[in-house]
Amino acid sequence: MSISPERETKRKRLVKTMELDPMEIRKVERLMMKKCGGILDKLMTHRNGWVFNNPVDVVGLRLIHYHLVVKRPMYLGTVRMKLDKGDYRNPLDFAKDVRLTFYNAIMYN
């Protein structure tokens, strides 16, 4: 299936107008990371979010098999610390850790 020359020209023009210079890209990434902070605030202050804010107390709760099931523990407090320190290169890294937090809870429970 081939694309008509007219449509290909239109597509090239659109792609060219969407190109961002490196300064604009960094600006967009900073704004996106700021949004990530807002999302994290909502997750941590949610009425059921307190469960995910701190590490699991494996000893206190006598969860002897926790570390056999959960290979990479993660909680929202760690995500907050990494976000504040600027450890995330992009919003996808942030999302990966937030998902890991909930994935661990699902896997163990």
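Residues numbered from 1 in each chain as written. Predicted model: local features only at pLDDT ≥ 70, side-chain atom pairs only at ≥ 80, totals over all residues. Heavy atoms only, no water.

The protein chain has the name Bromo domain-containing protein in an unreviewed UniProt entry, where Apium graveolens is given as its organism.

(A) Main features of the overall build of the protein chain. What the protein chain contains, in helices and strands, is 5 helices and 0 strands. Reading the protein chain from its N end, one meets helices and strands in the order α-α-α-α-α. Buried residues in the protein chain amount to 25% of all 109 residues. For the protein chain, contacts bridging at least 24 residues in sequence account for 65% of all contacts bridging at least 6. Accessible surface computed for the protein chain: about 9100 Å², of which carbon and sulfur atoms make up 60%. (Helix = DSSP H or I, 4+ residues; strand = E, 2+ residues; numbered from the N terminus. Buried < 20%, exposed > 50% of the residue type's maximum accessible area, 1.4 Å probe, protein only. Contact = heavy atoms within 4.5 Å. Areas by Shrake-Rupley, 256 points an atom, 1.4 Å probe, with all protein chains shown as cover.)

(B) Molecular detail of helix α2 (residues 22-45). The end-to-end C-alpha distance of α2, which contains 24 residues, comes to 35 Å, matching closely the 34 Å that a straight helix rising 1.5 Å per residue would cover. The set of residues buried in α2 consists of Met33, Cys36, Gly37 and Leu40. Its buried side turned inward, α2 meets α4 (76-85) and α5 (91-108). (Expected span 1.5 Å × (residues − 1).)

(C) View of the packing of aromatic side chains. Counted by the stated rule, this structure contains 3 aromatic pairs. Ring geometry for Phe52 and Phe102: centres 4.7 Å apart, planes at 65 degrees, overall edge-to-face. You can see Phe52 sitting in the loop between α2 and α3 (66-69) and its partner Phe102 sitting in helix α5, a full 50 residues away along the chain. Given the relative accessible area of 25%, Phe102 is considered partly exposed. Between the aromatic rings of Tyr88 and Phe94, the centroid separation amounts to 5.9 Å while the plane-to-plane angle is 90 degrees, which identifies the pairing as edge-to-face. Side by side, Tyr88 and Phe94 carry an identical accessibility label, which is buried. (Phe/Tyr/Trp six-rings, centres within 6.5 Å; stacked < 30°, edge-to-face > 60°.)

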